[in-house]
Amino acid sequence: MVSSILPLEVAGACVRKRGAHLVGPVDLTLTGKGISILMGPNGSGKTTLLRLLHGLERPATGSLRWSAPATEARQRQAYVFQTPIMMRRSVLDSIAYPMTLHGERRARAREMARDWAERVGIGHAIDRHATVLSGGEKQKLALARALIRQPDVLFLDEPCANLDGRATREIEAILTRARDEGVRIVMATHDMGQARRLADEVLFLLKGRLHSSGPADTFFSHPRTPEAKAFLNGDILE
Ligand SMILES: Nc1ncnc2c1ncn2[C@@H]1O[C@H](COP(=O)(O)OP(=O)(O)OP(=O)(O)O)[C@@H](O)[C@H]1O
């Protein structure tokens, strides 16, 4: 087993669907630590790029290479959707599920799930049915389920869309703690304030292309291109 599935090398990768060119060609190296935030106007390809990186989309051309065999790379990454899908079981069993799925004993998996429920702030709800949780609680459950197997890389697509300020703050705290514990995070967000709070690196997408990538401080304080400046100004980019 390798010590990390990173770096990921993406070379000339394009996504096409029914003849339409959605994203690419993208060249990107994902390495090191921290939180990369994917930013860009609506339809610029953030979701498609995340799905490509996680293997939910196949590149029509180009390649993605993890520093581990494919099966290991797949098992050591996780993905959190904007609207998490809840299973018809208790909160505790939902969090434990990825562990039992990969062969952990049920009692041990449930013990770990109890810890994770506490860590993400839904310890009070472990016996409830997952489907009756509030939006913020569901997203916390999704995070616990994603983090319980200690992934090297966590992808998230707008995890705080539709959540109130308090739930957003709590989820950001879970993410910064995961980052500090060594999980490499790549996340799409529309929320400029959230990007400023969380980003170590910004990946700025425009029309399906990676327009720029680099340290967040530089992107926000000295955007290098007219397009990045216009985006930060709130201008409409087409
Ligand atoms: N299944 C699909 N079939 C055809 N076109 C698609 C499909 N999914 C997305 N697209 C198109 O691909 C482009 C990129 O979409 P994507 O959802 O990745 O962008 P986004 O930056 O995440 O958008 P938003 O910010 O609105 O969520 C858009 O033009 C979109 O209309």
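How each quantity is defined
- Residues numbered from 1 in each chain as written.
- Predicted model: local features only at pLDDT ≥ 70, side-chain atom pairs only at ≥ 80, totals over all residues.
- Heavy atoms only, no water.
- UniProt positions renumbered as here; feature names shortened; annotations may be inferred.
- Helix = DSSP H or I, 4+ residues; strand = E, 2+ residues; numbered from the N terminus.
- Buried < 20%, exposed > 50% of the residue type's maximum accessible area, 1.4 Å probe, protein only.
- Pairing = 2+ DSSP bridges.
- Right-handed = clockwise from strand over helix to strand, strands pointing away.
- Near = heavy atom within 4 Å.
- Polar contact = N/O pair within 3.5 Å; in protein donor to acceptor, adjacent residues only side chain to side chain.
- Areas by Shrake-Rupley, 256 points an atom, 1.4 Å probe, with all protein chains shown as cover.

In the nomenclature of an unreviewed UniProt entry, the protein chain corresponds to Sulfate ABC transporter ATP-binding protein from the organism Brevirhabdus pacifica. Per its UniProt entry, the protein chain bears the Subcellular location (unreviewed entry) comment "Cell membrane". The protein chain has a UniProt comment under Sequence similarities (unreviewed entry) that states "Belongs to the ABC transporter superfamily."

Here Glu227 is to be found in helix H9 (residues 226–233). Taking the C-alpha atoms as reference points, Glu227 and Leu237, 10 residues apart in sequence, are found 7.5 Å from one another.

What follows is about the pairing of strand S6 (residues 153–157). By the criterion of burial, S6 is predominantly enclosed, with 5 of the 5 residues buried. Relative to S6, strand S5 (residues 77–80) is paired through 4 bridges, and the arrangement is parallel. From the neighbouring strand, Gln77 faces S6, where its bridge partner is Val153. A crossover links S6 with its parallel partner strand S7 (residues 184–188), the connecting element being helix H6 (residues 165–180), and its sense is right-handed.

Another aspect to go through is the site of the ligand. Around the ligand, the neighbouring residues are Lys17, Arg18, Leu22, Pro41, Asn42, Gly43, Ser44, Gly45, Lys46, Thr47, Thr48 and His190. Contact between the ligand and Gly43: an oxygen atom at 2.9 Å from a main-chain N or O atom of the residue. Surface burial for the ligand is 59%, taken as the share of its 640 Å² of free accessible area covered by protein chains. Considering every element that reaches the shell around the ligand, the biggest residue donor is helix H1 (residues 46–54), with 3 residues.

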